[in-house]
Amino acid sequence: MPYKEFEIFHKKTGFVPQLLESIKDTDPEMFETISKLDDVILKDGALSEKQKRIIAMCLSAQRQCSKCVDTHAKAALYLGATKQEIMEALFVCLLVGGAPCLSAARRTIAFLRGQIDPLEFAGE
């Protein structure tokens, strides 16, 4: 990890999304802005960072961003979420947003079912 910010992000979530690496390479100022936004919004408060990541995962599923679902699920798991918490949250997505939400979460669900190697899931 060539950047101090990547080390900080990695310590907080267990990985660094490739998209952030690309942003850092092309626009370091934007990367700093995104990192600061993450720090401010996702820090523990009335809701824990883990809970906020689960909410972000659900919103990502609603928006049909499968890579985003994976990213937030990985971060939530790293922060202590259980597989059951992730699945129950995705079932709430199903209730509100329908089957397309689960389709957006198919890699995450496959990982939770043991169908994707943890090291493969941790990468992008």
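Notes on the structure in this doc start here.

Reading guide: rules and limits
Residues numbered from 1 in each chain as written. Predicted model: local features only at pLDDT ≥ 70, side-chain atom pairs only at ≥ 80, totals over all residues. Heavy atoms only, no water. Salt bridge = Lys/Arg side-chain N within 4 Å of Asp/Glu carboxyl O. Buried < 20%, exposed > 50% of the residue type's maximum accessible area, 1.4 Å probe, protein only. Helix = DSSP H or I, 4+ residues; strand = E, 2+ residues; numbered from the N terminus. Expected span 1.5 Å × (residues − 1). Arc of directions from axis to C-beta. Polar contact = N/O pair within 3.5 Å; in protein donor to acceptor, adjacent residues only side chain to side chain. Disulfide = S-S within 2.5 Å.

1. Looking at the pattern of salt bridges
Tallying each qualifying case throughout the model produces four salt bridges. With a closest N to O distance of 3.4 Å, glutamate 32 and lysine 24 form a salt bridge. Take lysine 24: its relative accessible area is 7%, and that puts it in the buried class. Across the salt bridge formed by glutamate 85 and lysine 50, the nearest N and O atoms sit 3.1 Å from each other.

2. Notes on helix H3 (residues 28-42)
For H3, spanning 15 residues, the distance from its first C-alpha to its last is 21 Å, which sits close to the expected 21 Å at 1.5 Å a residue. Listed as buried for H3 are Phe31, Ser35, Asp38 and Leu42. Seen along its axis, H3 keeps its buried residues to an arc of 65°; they face one direction. What points out from H3, more than 90 degrees from its buried face, is the exposed set Glu29, Lys36 and Leu37.

3. Things to note about the environment of arginine 53
As for its position among the elements, arginine 53 is in helix H4 (residues 49-62). A sequence separation of 21 residues divides arginine 53 from lysine 74, and the C-alpha atoms of the two residues are 9.1 Å apart. A polar atom in the side chain of arginine 53 sits 3.5 Å from the side chain of aspartate 38.

4. Some thoughts on the state of the cysteines
If you walk through the whole model with that rule in mind, you get one disulfide. Here cysteine 65 connects covalently by a disulfide to cysteine 68, the sulfurs 2.2 Å from one another. Taking the torsion about the sulfur-sulfur bond, which here is approximately 55°, the covalent link between cysteine 65 and cysteine 68 counts as right-handed. The class for cysteine 65 is partly exposed, based on a relative accessible area of 26%.

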